[in-house]
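Chain by chain, the residues run as shown.
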Amino acid sequence: MLRRYRFPIAALAAFLLVMTAVPPLVQAQSLDDLRASGAVGERFDGFAQALKSSAAGVVKKVNAKRQKIYSDRAAKEGTSVEQVGRVYAKQIFRKAPPGTKLLQENGKWVTK
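Overview of the structure.

## A closer look at the packing of helix H3 (residues 56–77) against helix H4 (residues 81–95)
No. 1: Closest axis-to-axis distance for the H3/H4 pair is 8 Å, and the angle between their directions is 120°. With respect to their mutual orientation, H3 and H4 come out oblique. Our pair here, H3 against H4, has a crossing hand that is right-handed. Facing H3, whose interface residues are Arg 66, Gln 67, Ile 69, Tyr 70, Ser 71, Arg 73 and Ala 74, H4 presents Val 81, Val 84, Gly 85, Tyr 88 and Ile 92.
No. 2: Among the residues forming the contact of H3 with H4, the class breakdown is 7 nonpolar, 3 polar and 2 charged.

Spelled out as structure tokens, the structure:
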């Protein structure tokens, strides 16, 4: 009878091992957590940048959403996506938690 449960138990054990081995950054609860930890920075153009490879997936999703917002706003305002992104970047910089890395237009990173 015990043989019948060997595979499910082994599968569950492997799953738990993988989940506990996942780096903490992947398990971060929010973009603010990633920014405060230094894994994600914010750029002057209104887009996020992964500073650690473990945050790349989150940044890709965030930037896709921002691209849509900026594109929609640019179309409504009759301006460029770049201009809209720069306006939003100022708001993002103000609201970002302490410790967030900010890329300035001159190419230098500063820490809030």
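The structure having been displayed, the exposition proceeds.
## Regarding the sheet that holds strand E2 (residues 48–50)
No. 1: Taking strand neighbours across the sheet as the criterion, the 4 strands line up as E2-E1-E3-E4 in an open arrangement whose pairing is mixed. Each of the sheet's edge strands pairs with one partner strand only, and the pair in question is E2 and strand E4 (109–111). Each neighbouring strand pair of the sheet contributes to a mean axis angle of 35°, computed without reference to strand direction.
No. 2: Alignment of strand E3 (residues 101–103) against E4, held across 3 bridges, turns out to be antiparallel. Within E4, the position partnered with Leu 102 by the bridge is Val 110.

How each quantity is defined
Residues numbered from 1 in each chain as written. Predicted model: local features only at pLDDT ≥ 70, side-chain atom pairs only at ≥ 80, totals over all residues. Heavy atoms only, no water. Axes fitted to C-alpha atoms, helices over the stretch in contact; angles between N-to-C directions. Helix = DSSP H or I, 4+ residues; strand = E, 2+ residues; numbered from the N terminus. Parallel < 35°, antiparallel > 145°, perpendicular 65-115°, else oblique. Left-handed = near helix turned anticlockwise from the far one by under 90°. Contact = heavy atoms within 4.5 Å. Nonpolar A, V, L, I, M, F, W, Y, C, P; charged D, E, K, R; others polar. Pairing = 2+ DSSP bridges.

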